[in-house]
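Chains, contacts and geometry: an overview
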Amino acid sequence: MLKSSLGLIALSSLLLSGTAFAQEKIKVGVTATLEGTYTVLGEDGMRGHQTALNVLGKKVGDKELEFIVASTDATPDSAVRAVRKLIEQDKVQILLSPLSGDEGIAVKNFAKTHPELTFVNAASGAQETTYVDPAPNFFRYNMDGAQWQVGLGKYAYETKGYRKIATVGEDYSFIYTQVFGLVLEFCGAGGQVTNRQWVPLGTKDFASVIAALPDDVDAIYLGLGGADAVNFLNQYQQAGGKAHLMGGSIMIDQTILSSKGSAKNALIGTIAASGQADTWEDPGWQKFVKAYQDSFPENKRFPSPSLLATNYYGSTMALILALRQVNGDLSNNQAKLKDALAKIEIDAPNGKIKLDANRQAIGTNFVTEVVDDGKGALFSKVVKVIPNVNQTLGYDPAVFAKIGLPSRTVPECKKY
Amino acid sequence: MARFIERHPVWALIVIIAVAVLAWLVFAIWPPGLEAAIGRKRVFLNAVLNGITLGGLYFLVASGFTLIFGLMRNVNLAHGSLYLFGGYVGYAVSTWTGSWILSFIVAFVAVALVGVILQLAVFRRMEGQDLRQTMVTIGLSIVFADLMLWVFGGDFYQVQTPTWLIGPVQLPLLTAIKSSGEPVYLQYPLVRLVIFAASVVIGIAMWLALNRTRIGMIVRAGVDDRDILAATGVRIQLVFVLVFALGAGLAGIAGVVGGTFQSLSPGEDTRFLLASLVVVIVGGMGSIPGAALGAVIIGLAEQLGSVYIPTYAIVVTFLIMVLVLALRPQGLLARR
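Residues numbered from 1 in each chain as written. Chains lettered and ligands numbered in written order. Predicted model: local features only at pLDDT ≥ 70, side-chain atom pairs only at ≥ 80, totals over all residues. Heavy atoms only, no water.

1. Some thoughts on the overall build of chain B
Put simply, the test is: Each helix is a run of H or I in the DSSP string that is no shorter than four residues. Each strand is a run of E no shorter than two, and both are numbered from the N terminus. In this description the radius of gyration comes from C-alpha coordinates, and the expected globular size is given by 2.2 Å times residues to the power 0.38. Summary of the burial criterion: residues with accessible area below 20% of their type's maximum are buried, those above 50% are exposed, and those between are partly exposed, where the area comes from a 1.4 Å probe applied to protein chains only.
The helix and strand inventory of chain B stands at 14 helices and two strands. On C-alpha atoms alone, chain B measures out to a radius of gyration of 21 Å, which is about the 20 Å that the 2.2 N^0.38 rule sets for 336 residues. With the principal axes as the frame, chain B shows a C-alpha extent of 70 × 55 × 35 Å. In chain B, buried positions account for 46% of the 336 residues.

2. A closer look at the state of the cysteines
Residue and element names in this part refer to chain A. What counts, and what does not: Note on disulfides: each one is a pair of cysteine sulfur atoms within 2.5 Å.
One pass over the structure, following the stated rule, counts one disulfide over all chains. A sulfur-sulfur separation of 1.9 Å characterises the disulfide bridge that pairs Cys187 with Cys413. Taking the sign of the S-S torsion, about -95 degrees here, the bridge from Cys187 to Cys413 comes out left-handed. Separated by 226 residues along the polypeptide, Cys187 in helix 7 (residues 173–189) and Cys413 in the segment after helix 14 (397–403) bring together distant segments of the chain. On the basis of relative accessible area, Cys413 is assigned to the partly exposed category, the value being 31%.

3. Some points on the interface of chain B and chain A
What counts, and what does not: Whether two residues touch is decided by their heavy atoms; if any such pair falls within 4.5 Å, the residues are in contact. Buried area: the accessible area, evaluated with a 1.4 Å probe, that two parts lose upon being put together, summed over both parts. The term salt bridge refers to a side-chain nitrogen of Lys or Arg lying within 4 Å of a carboxyl oxygen of Asp or Glu. In the analysis that follows, any N or O atom pair within 3.5 Å is treated as a polar contact, provided that within protein one partner can donate a hydrogen and the other can accept it, and provided that, for residues neighboring in sequence, both atoms belong to side chains. Gly counts as polar in this scheme, as do all residues outside two lists: the nonpolar Ala, Val, Leu, Ile, Met, Phe, Trp, Tyr, Cys and Pro, and the charged Asp, Glu, Lys and Arg.
Listed by partner, the interface residues are 34 residues for chain B and 29 residues for chain A. For the pair chain B and chain A, the summed buried surface comes to about 2,600 Å²; carbon and sulfur atoms form 49% of the total. The tally of links from chain B across to chain A stands at three salt bridges. Note that Asp215(A) is salt-bridged to Arg42(B), the shortest N-O span being 3.0 Å. Here chain B is connected to chain A by 11 residue pairs in polar contact (both at pLDDT 80 or more). Put simply, the parts of the chain that give the side of chain B that touches chain A at least two residues each are helix 4 (41–72), helix 8 (190–212), helix 11 (236–261), helix 12 (268–283) and helix 13 (288–308) of chain B. When residues in the side of chain B that touches chain A are grouped by element, the largest group, six residues, is from helix 4 of chain B. A class-by-class count of the residues in the side of chain B that touches chain A yields 14 nonpolar, 14 polar and six charged.

4. Regarding helix 13 (residues 331–343) of chain A
Residues and elements named next belong to chain A. Here is the rule: One fewer than the residue count of a helix, multiplied by 1.5 Å, yields its expected span. Relevant arc is that of directions from the helix axis to the C-beta atoms, nothing else.
Spanning 13 residues, helix 13 covers 18 Å between terminal C-alpha atoms, matching the ideal 18 Å at 1.5 Å per step. Where helix 13 is concerned, the buried positions are Gln334, Leu337, Lys338, Ala340 and Leu341. Looking straight down helix 13, one finds that the buried residues subtend no more than 165 degrees of arc, so they occupy a single side. Summarising the geometry of helix 13, the exposed residues directed more than 90 degrees from the buried face are Asn332 and Lys343.

Structure follows, in C-alpha cells:
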C-alpha cells in the first residue's frame, strides 16, 4: 500500500516536472491566398512572414510561437472557412489574417463572433474593414487601398500633365478602395475620370476589355493583381496597346514586375503609388530587403519583396513585439495583448506605423515610377514619400463621411 | 438547308434576318445614333471576334470531351486536368527548346499517352457504369490537380508567343471614317486569328476523318452499336484506346493554346471542364458540329456579355445552358 502510493507520488511528480519543462506554446493561425488568382501574392506574403520570424525569432518570454497556415483563394467565404478551421480545429489563440480585401471584410465581421480572440490583419486593404463598424479585436497595421493611392492623382495631374484618364479594375472591395483614393485626388486636382471598367476577379480573357478602352484619354489606370494583371498585360501586348499607364498598388509590384515573359515591359515608365517603393534609400527598408533576400534562395523569391511580403512582415512584427511587451500573457480574454496592440508603434520597413481609434494604420505612402535596371529587371523607383497618411486621407472626418463608401461609382469625379 | 427552310419557314426567315443584321453590323459604317446607343463599332467588332476566337479554344477542349463521350459513353470528368497538364507540358517544352510549334506536338503526344493509360487502367474496368466512372474521374481530377500543384506550384505560367505572332494585324473591316475621310481599319491580335484558324482546320479534319474515312466509319458504327461492331470482327478496344488518345491529345493542344493567349494556373482545370461541359450540353453530346456551334455560342456570350453587361456576364453562359436544357434537352445539334 505504502509502496504503491509512494510510486504514485513519484510518478505524479515526474509528470508535473515534465509539464514544467515543456515549453508553453502560443498558437497563431495564418491565412494567405495560396490558391487562385492571387496565389503569387499569398506565396510572397508568406515569405515576408517567414522573414519576420527569421529576424525576430519565435520566442515570447518563455513561450514559443507556433504558426499554423491555412490557404484561401481571395473569396470571403474561403477566408472565413480557413479562419474557422484554424480556431475550431487547430485551437489557435491569435489570427494573422487575411490577405485580400473582400476576405478582410468577412474576417472582420467574423472576428466579432469571437471577441475573446485577437485578429491581426495580414495584408488586406479594403476601406470598409476598419472604417465601417470596426471590430474591437481586429487590428490592421497596413494602410488601406485609398491611403496607398495618396499622391498619385496629384502627381499624374501636375507633373505628368494627365487631364483625362480611364480606369480598369477588378470588381471587388480593395480595388474599389484604390480607385476611390485615386479619383478623389485626381478629380480634386481638376482631372477627369471618364470611364471606369470593372472585371470579375479571375478574368482570363481581357481582349474585349482591352478593345473597349477609350482612346481619347491621356492615361489608363490599371487596378489589377496577380494572374489577372499578367493576363491583361500579355493580351495588351498582343493587341498592340500603346497608351500611358498608371498602376494600383498590387499592379506595380514585384509580383507583376518580375513575372515571366516580355509583356511586363509595357509597364516601364508607369506611375503608381503604394505603401512601399523598391528602391527606397531608407536604411530600415534596405535592411529588410537584405533580410528577405537572405532568407530564400534566389530562384525561390522575387528580386525585392512585394507589397504583400512587406505587409506580412509588418503585421507579424507588430504581433510579436506586442506579445513580448505583455510577456505572452493571454489571460482575461487577451485584454493585455489587445491593449498593447492598439498602442504599439512599429518601425516597419516601409516607415513608422501607428494605429488610429479604429485600429487602422497611419503610415507612409510612396509615389513611384517603374524603371528598368538595365539588366531586364523592373523596379519601382521612389518619386515622392508622403508620411502620416491617415484613413480619411487628410479630409475632415465629417466631409470624408459624406463622400460615401468606395464602390463601382463612388466617389463621383468632383472636388469634395 | 432547303429542307429546313421548307419545314420551318418562319424560323428560316428569322435566321436570315438575323444574319443580315449581323452582316450589316460588321461591314457597314455605323451611323452616329447607333454609336451613341451601344458604343463604338470597334468595341463591338472586337467582342465578336474575341468571342469567335475564344470559341475556337473552347472547341478544342470540348471536341475531345464530346468525342470520348459520344463513342464510349465514358464520362471523363478528368478532362480539365488533361487540358492543364497539356498546358504545363507545352510550357516546359517551349521554355526548354524555345519552339512554340514543338510544344504542341509534345503536349499532344504526352497527354494522348495519359489518355491511353486512363482508358486501359480505368475506363476499361468500368465500361458502361456511368456513376462509377463519374466518381472515379472526379477523384482522379482532384489527385491530378494536387500533383500538378506539387510540381508546378501555384504560380501562373504563360507559354511564350513566338515573336512573329506578337502584335496586331490590320483586318479589312472598317470601324470608322475619320473626319479627313481616311478610313480606319480594325486592328486585331494576330495570335488569336492564327489559333482560331488552327482550330477550324482541326475541326474540319476531324469531321472529315469521322465522315469520310474507314476509321471514321468504324467509330461511327461503334457509337451506334458497339456489340454488333465487335461481332463483325473489329477490335473495338483498340478503337476505344485510339479515340481516347485523340480526345485527350486535343485537350493537351488546347492547354498550350490556352497557355498562350491566357495563362495556366491551378483552377484552370475545373474552369475548362465546366466550359466544355456547358459547350457539349448546348451543342449536343457526341456531336462534333454541335461542339463547334456550342463553343462559338458560349465564346460570344462570354465576350459580348463582358462588354455590354459586365455585371451579369458570368450568368449569361449558364442562362443559355438552362434555356437549351429547357427547350431542347438533347442539345442544339444532337442527332436524335
